[in-house]
Amino acid sequence: MTPEPRLTRVEEVCARAVFAPLGGLVVLATVATAPPATPLADLSAAAFSAAHGNALDLVLEDIQTATGFTPAGMQLFEEMGWHRDPDFAVRLPQWIQRTESPPLEADDPVVRARLVSAGRDFQFSEFLTGLVSAALTLRPGPPGGQAEPIVRALRGTARLSGLDQDSGVRAVFRIWRVARLGVILTDGHRFTRDDQDRWRTYGQRIGALIGQP
């Protein structure tokens, strides 16, 4: 029997950069899809993950296709466990990048809507950045070659989050294009011109697939 490939440090870094924001998006989806009057303390990320297990599995399949993560790399999602976090309400500030000052009045419907919106914007940008970075790092081939499974993963995660899979993903992409891709394309210190061309190609390919000029 051929042993499974061991998890390299490069793959681990790539996987964590994908699965941390995915876990944050599951936490935020738990809040976003609950009835507005539900106290935050009564919500369970683990229960949400269990109830949407099939949809989450499809997202993970698309992630593995796009990134080429080994089984050991994929296992990091379970090991990190943010999607099952029993104390997610306590750690909610980290998922929203502290856009609300503590203490959070998360049972206030206006504050809750604001923190979910800000948190999703940030975590989706991180998620898409992680996916493209992993595809470029771990999947040899023409730039943009894994755009289709990346888009499928985005759409599946948008549905989990209570967003429209088309208009929601286009909004995510527009934020990412300015907040993340634009920085990469102007950072000549950390990214070579070839790196920037490959990121640019992914941006153009993903935009074309989702119908975003």
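What you see is a predicted model, and the numbers here were worked out from it, not measured in a lab. (Residues numbered from 1 in each chain as written. Predicted model: local features only at pLDDT ≥ 70, side-chain atom pairs only at ≥ 80, totals over all residues. Heavy atoms only, no water.)

Caption draft 1: Main features of the overall build of the chain. Looking only at helices and strands, the chain has nine helices and zero strands in total. Along the chain direction, N to C, the helices and strands of the chain fall in the order α-α-α-α-α-α-α-α-α. Taken along its principal axes, the extent of the C-alpha atoms in the chain is 50 × 45 × 30 Å. Counting contacts in the chain only where the partners sit at least 6 residues apart, residues at least 24 apart contribute 76% of the total. When the accessible surface of the chain is summed, it comes to about 10,700 Å², and 54% of that surface belongs to carbon and sulfur atoms. (Helix = DSSP H or I, 4+ residues; strand = E, 2+ residues; numbered from the N terminus. Contact = heavy atoms within 4.5 Å. Areas by Shrake-Rupley, 256 points an atom, 1.4 Å probe, with all protein chains shown as cover.)

Caption draft 2: Examining the environment of A29 more closely. Within the secondary structure, A29 sits in helix α1 (residues 9-32). Judged by its relative accessible area of 1%, A29 falls in the buried class. Beyond its immediate sequence surroundings of up to four residues, A29 is in contact with F48, L160 and S161. (Buried < 20%, exposed > 50% of the residue type's maximum accessible area, 1.4 Å probe, protein only.)

Caption draft 3: Summary view of the nonpolar core. Core analysis: the largest hydrophobic core is formed by 45 residues, its most contacted members being F19, I63, F69, F127, V132, I150 and I206. For this core, the elements supplying multiple residues, two or more each, are α1, α3 (53-67), α4 (71-80), α6 (109-138), α7 (147-160), α8 (167-186) and α9 (193-210). What I63 contacts, discounting residues up to four positions off in sequence, is V18, F19, L22, G68, F69, F127, L131 and A153. By size, the runner-up hydrophobic cluster in this structure holds 12 residues, among which are V27, L28, V111 and V116. (Core = buried A, V, L, I, M, F, W, Y, C linked by side-chain atoms within 4.5 Å.)

Caption draft 4: Structural view of the packing of aromatic side chains. Taken as a whole and assessed by the stated rule, the structure comprises four aromatic pairs. Pairing F19 with F77 gives two aromatic rings, centres 5.4 Å apart and planes at 50°, and the pair type is tilted. You can see F19 sitting in helix α1 and its partner F77 sitting in helix α4, a full 58 residues away along the chain. You can call F19 buried: its relative accessible area is 1%. Residue classification places F77 among the buried positions, given a relative accessible area of 3%. (Phe/Tyr/Trp six-rings, centres within 6.5 Å; stacked < 30°, edge-to-face > 60°.)

Caption draft 5: Broad picture of the pattern of salt bridges. Under the defined criterion, the tally for this structure stands at 11 salt bridges. With its nearest N and O atoms 2.9 Å apart, the salt bridge here joins R112 to D107. (Salt bridge = Lys/Arg side-chain N within 4 Å of Asp/Glu carboxyl O.)

Caption draft 6: Seen up close, the environment of L181. Residue position: L181 is located in helix α8. Along the chain, L181 and S125 lie 56 residues apart, while their C-alpha atoms are 9.5 Å from each other. Sequence-distant contacts of L181, defined by excluding residues within four places in its chain, comprise W176, W199, R200 and G203.

Caption draft 7: Structural context of the side chain of Q212. Here Q212 is to be found in the segment after α9. We classify Q212 as buried; its relative accessible area is 14%. Of the polar contacts made by the side chain of Q212, one reaches the side chain of R174; its length is 2.8 Å. For Q212, the residues in contact, after removing those within four places along its chain, are R170, F173, R174, R177 and G207. (Polar contact = N/O pair within 3.5 Å; in protein donor to acceptor, adjacent residues only side chain to side chain.)

Caption draft 8: Just the packing of α6 against α7, in detail. Across the interface, α6 lies against α7 with an axial gap of 11 Å and an inter-helix angle of 155°. By the angle between their directions, the pair α6 and α7 is classed as roughly antiparallel. Regarding α6 and α7, the two cross each other, and that crossing is right-handed. Contacts between α6 and α7 involve F124, F127, L128, L131, V132 and A135 on the former and, on the latter, I150, A153, L154, T157 and A158. Classifying every residue of the contact of α6 with α7 by side-chain character gives 10 nonpolar, one polar and no charged. (Axes fitted to C-alpha atoms, helices over the stretch in contact; angles between N-to-C directions. Parallel < 35°, antiparallel > 145°, perpendicular 65-115°, else oblique. Left-handed = near helix turned anticlockwise from the far one by under 90°. Nonpolar A, V, L, I, M, F, W, Y, C, P; charged D, E, K, R; others polar.)

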